[in-house]
Amino acid sequence: ADVGLTTSAKTIVLPEENFAALVRRVNFTNTGSDSLTLSALDGLAQMEPVGGKLDWGLKQMSRTLEGWFGVYHATDDLTMPFYRMSTEPSDEASVKIEEAGHYCLAFVDSEDKKADLLPIVYDTSKIFGQNTPLEVPQAFKVTTVADIVANPQFGDAKTSSAFAALESVELAPGESIT
């Protein structure tokens, strides 16, 4: 059934910065004749870590490598998770603390007010449940975005996701949100 919702997405790299960045801009438009309430998750099903010589490890022993993965927070409201490895994985006598990592940030673009950061869902199991190929969002079928955000998430020693969580927004006919 047509619910009167059009979605578009553009993905670009952030140019002329001294760090790598991927920018995804998603637009939702109510093309129907009635108002609609929208909740959405958008992002990456799998966030790969940074640090050390990871190419071989991610391909040959990715589950073992997960033991070093972690999600850390700059704030308590889940809006700025920092994905990194605890130490550089190696078979050496010395331990090298890994400081590099990835951030994930998301916000609703608005001309009227300051853009508040959206919460990020980083616990893959909250969306995919036991579907480890990350193809079908089994757990998301039986819950809401608001429930996922309100409940505890776990990001240590596992491959994490990076989904921006739009809990609830009402769109009038013809209205868009980015």
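We now turn to the structure provided with this report. (Residues numbered from 1 in each chain as written. Predicted model: local features only at pLDDT ≥ 70, side-chain atom pairs only at ≥ 80, totals over all residues. Heavy atoms only, no water.)

### A look at the overall build of the chain
Broken down by element type, the chain carries 4 helices and 9 strands. N-terminal to C-terminal, the α/β element order of the chain is β-β-β-α-α-β-β-β-β-α-α-β-β. Each of the three principal axes of the chain carries a C-alpha extent, and together these read 65 × 40 × 30 Å. Within the chain, buried positions represent 33% of all 178 residues. Excluding contacts between residues fewer than 6 apart, the proportion of contacts in the chain whose partners are at least 24 apart in sequence is 60%. Of the accessible surface of the chain, which amounts to about 11300 Å², a share of 52% is contributed by carbon and sulfur atoms. (Helix = DSSP H or I, 4+ residues; strand = E, 2+ residues; numbered from the N terminus. Buried < 20%, exposed > 50% of the residue type's maximum accessible area, 1.4 Å probe, protein only. Contact = heavy atoms within 4.5 Å. Areas by Shrake-Rupley, 256 points an atom, 1.4 Å probe, with all protein chains shown as cover.)

### Topic: the packing of aromatic side chains
Going through the model one piece at a time under the given rule, you end up with 2 aromatic pairs. Centroid distance F128 to F163: 6.3 Å. Interplanar angle 50 degrees. Geometry classified as tilted. One end of the pair, F128, is in helix α3 (residues 125–128); the other, F163, is in strand β8 (residues 160–171), with 35 residues separating them in the sequence. You'll find F128 and F163 in the same group, each marked buried. Taking the ring centre of Y72 as reference, the NZ or CZ of R84 above it sits at 4.3 Å. (Phe/Tyr/Trp six-rings, centres within 6.5 Å; stacked < 30°, edge-to-face > 60°. Lys NZ or Arg CZ within 6 Å of the ring centre and 35° of its normal.)

### Points about the pattern of salt bridges
Inspection of every chain in the model, using the stated rule, returns 6 salt bridges. Linking R24 and D42 is a salt bridge whose minimum nitrogen-to-oxygen distance equals 2.8 Å. On the criterion of sequence distance, the pair formed by R24 in strand β2 (residues 22–30) and D42 in strand β3 (residues 36–47) is long-range, its members being 18 residues apart. The closest approach of N and O atoms between E88 and K96, which form a salt bridge, is 3.4 Å. (Salt bridge = Lys/Arg side-chain N within 4 Å of Asp/Glu carboxyl O.)

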